[in-house]
Amino acid sequence: MRLILLATTALALSATAASAEEGMWTFDNFPIARANQTLGTSIDQAWLDRVRLSSVRFGGCSAGVVSDAGLVLTNNHCVASCVANLSTQAVNYAATGFTPRTREEELRCPGGTAEILTDITDVTDRVRAAGAGLTGQAFTRARDAEIGRIEQELCAGDDGTTPADRRCQVVSLYRGGQFKLYTYKRYTDVRLAWAPEDRAATFGGDLDNFSFPRFAIDAAFIRLYENGRPVATPTHFVWNDDQPVTGTPVFVSGSPGSTQRLLTQDQLASIRDVVLPMDQLIASELRGRLIRFAAESEANAFMAMDPIVGLENTYKRGLGRMRAMTDQGFMGRRADAEADFRARVAADAAMAEAAADPWDALAEVQPAVRELYVPMALLEGGTGIGTTSPGGGSVLFNYARTLVRAAQERAKPSAERLPEYGDARLGAVENALMAPRPVYPELEQVRMEWWMSKTREWLTVDDPRVRTLLGRESPEALSARLVEGSTLADPAVRRALWDGGLEAIQASDDPLIQWMLSIQDVTRGVRSDWETRVQAPTEQASERLAAARFAAYGDTVYPDATGTLRLTYGLIEGSNVPGQRFDGFTTFDGLWDRATGAPPFDVAPKLLAAREAIDGDTVLNMTVSSDTIGGSSGSPVVNEAGEIVGANFDSTVLTQRNAYGYDRDVNRSVIVTTGAVTTALRDVYGMDRLVAELRAD
């Protein structure tokens, strides 16, 4: 309690824990004065509110409202799953682009959900009180239950239930230092309004990914609908497609997925030694299997296109992070920062006593992390520190797991359930489960077989959990039997099982459902061990560490990214460091020069056909010194006037160290400009109606 009081007092102080453009800031603690001083701008709270209400969270990406009729700009790769789900081999929108001539032709993205952050409420005291005096799994379950109650109580409508258009989420910030309730306006009718040809958005392919120069029109539009009509959105970004200028200050508003900057050096060592090597091996092997699968036929290539792109992105991002871990200069600066932090705490007797050495407490957890990460990642997922997950990305696996877990958990009071199945979150679970989307048995077989074989390999044949998983069957035979016999691809079957509850699940003759039931003791046991030996002691020590950080550095500390809305800022500029030297702009003329006619440097047919109509000097992509990470894709890039000038879609390989710390010399976000988008709409795809809508203001 003493340390918490010290931290509260220190929040009014000033320090230099973050500098220049560093920081993925929450909207309720954005350093307006510092940003204005750094950039020479004059934004205020009203500006922040407009940006927040114009920013959209779309799946695992970000986006921005750009008209008064619910039109939203994001990246093409953020709508890739929507495009794939709407396409067939006969009508493949990835190849042709999606160019509806009227709003009535805009198509609903299966399972698509978009959210706008409307309110932030501090609930720290309630969450902390729930776990007071508890340890182990009792601690995590007590907190989870209280979080569920908070989400249910504060998100409920007049009838005591959560409205379908509202979502509430308690977010842990500063790794337990604060807990905030984020309330969102939720849209479940999201329609695709425009997407270019895939080759226009992915020109350069994996070779150009996480690099610059880039020459990609990685942009798309979705539209928000309610009650069958476009949503009225009077608060939105104004479209500005003027040529960008070097040195212009800009702000990037989005929902970055996850950073690990507040972890201790001991925690990072576990990620370096265990998490990253496993995740990289797993991703690279699955990528290889899918590439082989895609090469077998045109049909297979169609099925595997989107998953392969995602895996290539995951692998390359991990490669950049591994390089950061072995960069002595970068890691040395992190070590120096931790030493400074520990010295500040040690110099204040009261602070040191209250902190009770969280660094040593976290070091003591690491042997358990190293022991349990592999089974947790492979069998249960949700580690928060890696990318490996159970099922190998199988859609059918995820359907079965959701149906079984939801039925088991819904039989309990909301506060006693696993947090992802609390009443306040069930609507989102149900919406995702019931969305109609194509399921390809051949691809499912590859994913399931691969995951089962990797689980057996990593945990070993004699591990009792593997024996429960496989029984006496091989991964090949078991996965084939489960995929071939399952009917979960049918939305009507999923609906009947969801509505029928646990009784219907237990009575189901679907082999995948019965197999999923049979492994629940194993998977839940792995989760229980993780919660007891890793999650609980980590959260308790991290809470003390966060309070000490506030006390030492005041309000110049920003939280790690958590997939929630953040605002960062920087300048439009190039880079001049070894291994990364470039000007800040590319143009359409540069695209034509880079094109060879052979993949991945073949220009999309419609784009190539419009070459003579396009002003070659138009800036296509640019770089910004902003602080972004995965999840920032689609983030609106906004100038001081609140006008949108681009959308973030990539960063450089060196920037992947951003997971562990901001380095202004190398951090560069890659942006598709609004000028490039206007050019594509007008001169390539004949979408004049969208151009008129964008320029209506």
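Residues numbered from 1 in each chain as written. Predicted model: local features only at pLDDT ≥ 70, side-chain atom pairs only at ≥ 80, totals over all residues. Heavy atoms only, no water.

1. Section: the overall build of the protein chain
What counts, and what does not: Secondary structure elements are defined from DSSP: runs of H or I of at least 4 residues count as helices, runs of E of at least 2 residues count as strands, and each element is numbered from the N terminus. We compute the radius of gyration over the C-alpha atoms and compare it with the globule rule, which gives 2.2 Å times the number of residues raised to the power 0.38. In this scheme, a residue with accessible area under 20% of its type's maximum is buried, one over 50% is exposed, and one in between is partly exposed, where area comes from a 1.4 Å probe on protein chains only. Areas reported as accessible are Shrake-Rupley estimates using a 1.4 Å probe. Residue values count occlusion only from the protein chains shown. His residues and chain termini do not enter the charge count, which takes Lys and Arg as positive and Asp and Glu as negative. Think of each charge as sitting on NZ of Lys, CZ of Arg, CG of Asp or CD of Glu.
Tallying secondary structure elements over the protein chain gives 26 helices and 20 strands in all. For 697 residues, the compact-globule estimate of 2.2 N^0.38 gives 26 Å, and the protein chain sits close to it at 25 Å. Dimensions along the principal axes, computed over C-alpha positions, put the protein chain at roughly 70 × 65 × 55 Å. Across the 697 residues that make up the protein chain, the buried fraction comes to 58%. Accessible area for the protein chain stands at about 26,700 Å²; split by element, carbon and sulfur atoms hold 51% of it. The averaged location of the 92 negative side-chain charges in the protein chain is 2 Å from the averaged location of its 70 positive side-chain charges.

2. Looking at helix H22 (residues 520-553)
One turn of the α-helix equals 3.6 residues, which is why residues spaced by three or four share an orientation. Quick reminder of the rule: Given a residue, its bend is the angle between the two axes fitted to the seven residues that end at it and to the seven that start from it.
Roughly 45° is the biggest bend found in H22, and it falls at Glu 531. Note on H22: the residue one or two positions beyond its end, Gly 554, has a positive phi of about 70°.

3. With respect to the side chain of Glu 444
Heads up, the rule is: Salt bridges are defined by distance alone: a side-chain nitrogen of Lys or Arg within 4 Å of a carboxyl oxygen of Asp or Glu. Contacts: residue pairs with any heavy atoms within 4.5 Å of one another.
With respect to the helices, strands and loops of the structure, Glu 444 is situated in helix H17 (residues 441-459). Within the buried core, Glu 444 has no salt-bridge partner, and the shortest N-O distance to an opposite charge, that of Arg 447, equals 5.4 Å. Ignoring anything within four residues of it in the chain, the contact list for Glu 444 reads Ser 394, Val 395, Leu 396, Phe 397, Val 439 and Val 483.

4. A closer look at a negative patch on the surface
What counts here: Two joining distances apply to patches: 9 Å for like charges and 5 Å for nonpolar side chains (Val, Leu, Ile, Met, Phe, Trp, Tyr), and every residue must have over 30% relative accessible area and no salt bridge.
Together, Asp 589, Asp 593, Asp 615 and Asp 617 give the surface a local cluster of negative charge. Within the fold, Asp 589 resides in helix H23 (residues 588-594). Owing to a relative accessible area of 40%, Asp 589 belongs among the partly exposed residues under this scheme.

5. Topic: the domain arrangement of the protein chain
Counted only if it meets this: Domain delimitation follows an automatic or database domain assignment. Buried area: the accessible surface (1.4 Å probe) lost by two parts on joining, summed over both. Polar contacts here mean pairs of N or O atoms no more than 3.5 Å apart (in protein, one a potential hydrogen donor and the other a potential acceptor; neighbouring residues in sequence count only if both atoms are side-chain atoms). Note on residue classes: Ala, Val, Leu, Ile, Met, Phe, Trp, Tyr, Cys and Pro are nonpolar, Asp, Glu, Lys and Arg are charged, and everything else, Gly too, is polar.
Assigned domains within the protein chain: domain 1 (14-109 + 191-260 + 559-694), domain 2 (117-187) and domain 3 (265-326 + 357-536). If you average the C-alpha positions of domain 2 and of domain 3, the two centres end up 25 Å apart. When domain 2 packs against domain 3, close to 1,300 Å² is buried across both sides, 49% of that on carbon and sulfur atoms. It is Gln 137, Asp 144 and Arg 186 that lose the most area in domain 2 upon contact with domain 3, and together they represent 31% of the buried surface on that side. The tally of links between domain 2 and domain 3 comes to two salt bridges. Summed over the shared surface of domain 2 and domain 3, the result is five residue pairs in polar contact (both at pLDDT 80 or more). Among the elements that take part in the side of domain 2 that touches domain 3, helix H7 (residues 136-155) stands out by supplying 11 residues, more than any other. Residues of the side of domain 2 that touches domain 3, tallied by class, amount to four nonpolar, five polar and five charged.

6. Topic: the packing of aromatic side chains
Ring pairs (aromatic) are described by centroid distance and by the angle formed between their planes. In plain terms, the rule: A pair of Phe, Tyr and Trp rings is counted when the ring centres sit within 6.5 Å of each other, with Trp represented by its six-membered ring. The angle between the planes then sorts it: under 30 degrees is stacked, over 60 is edge-to-face, the rest tilted.
Summed over all chains, the structure comprises 19 aromatic pairs. Here Tyr 182 and Tyr 184 contribute two aromatic rings whose centre-to-centre distance is 6.4 Å and whose plane-to-plane angle is 40°, an arrangement assigned as tilted. Each member of the pair, Tyr 182 together with Tyr 184, is buried. Measuring from ring centre to ring centre gives 5.9 Å for Trp 194 and Phe 221, while their planes differ by 45°; the resulting arrangement is tilted. Residue Trp 194 is found in strand E8 (residues 189-194), and its partner Phe 221 is found in strand E9 (residues 220-226); the two are separated by 27 residues along the sequence. The exposure classification of Trp 194 matches that of Phe 221, with both residues buried. Connected via pairs of aromatic rings, a cluster forms that spans Phe 30, Trp 47, Phe 251 and Tyr 569.

7. Things to note about unusual backbone geometry
The omega angle of the peptide bond from Phe 212 to Pro 213 is 10°, so this bond is cis rather than trans. Here Arg 175, not a glycine, exhibits a phi torsion of approximately 50°, which is positive. Among the secondary structure elements, Arg 175 is positioned in the loop between strand E6 (166-173) and strand E7 (178-187). Backbone geometry at Ala 356 places phi at a positive 55°, although glycine is not the residue there. With respect to the secondary-structure elements, Ala 356 resides in the loop between helix H13 (349-355) and helix H14 (358-379). For Ala 356, a relative accessible area of 43% puts it in the partly exposed group.

8. As for the packing of helix H15 (residues 395-410) against H17
Defined as follows: Working convention: axes come from line fits to C-alpha atoms, limited for helices to the stretch in contact. Angles between N-to-C directions cover 0 to 180 degrees. Convention used here: angles under 35 degrees read as roughly parallel, angles over 145 as roughly antiparallel, angles from 65 to 115 as roughly perpendicular, and any remaining angle as oblique.
For the pair H15 and H17, the least separation of the axes is 8 Å and the interaxial angle reads 70°. In terms of axis orientation, H15 runs roughly perpendicular to H17. Residues Val 395, Leu 396 and Phe 397 of H15 form the contact with H17, whose participating residues are Glu 444, Met 448 and Trp 451. Taken together, the residues of the contact of H15 with H17 sort by class into five nonpolar, no polar and one charged.

9. Quick notes on the environment of Asp 360
Along the chain, Asp 360 falls in helix H14. The sequence separation of Asp 360 and Met 325 amounts to 35 residues, and the corresponding C-alpha distance is 21 Å.

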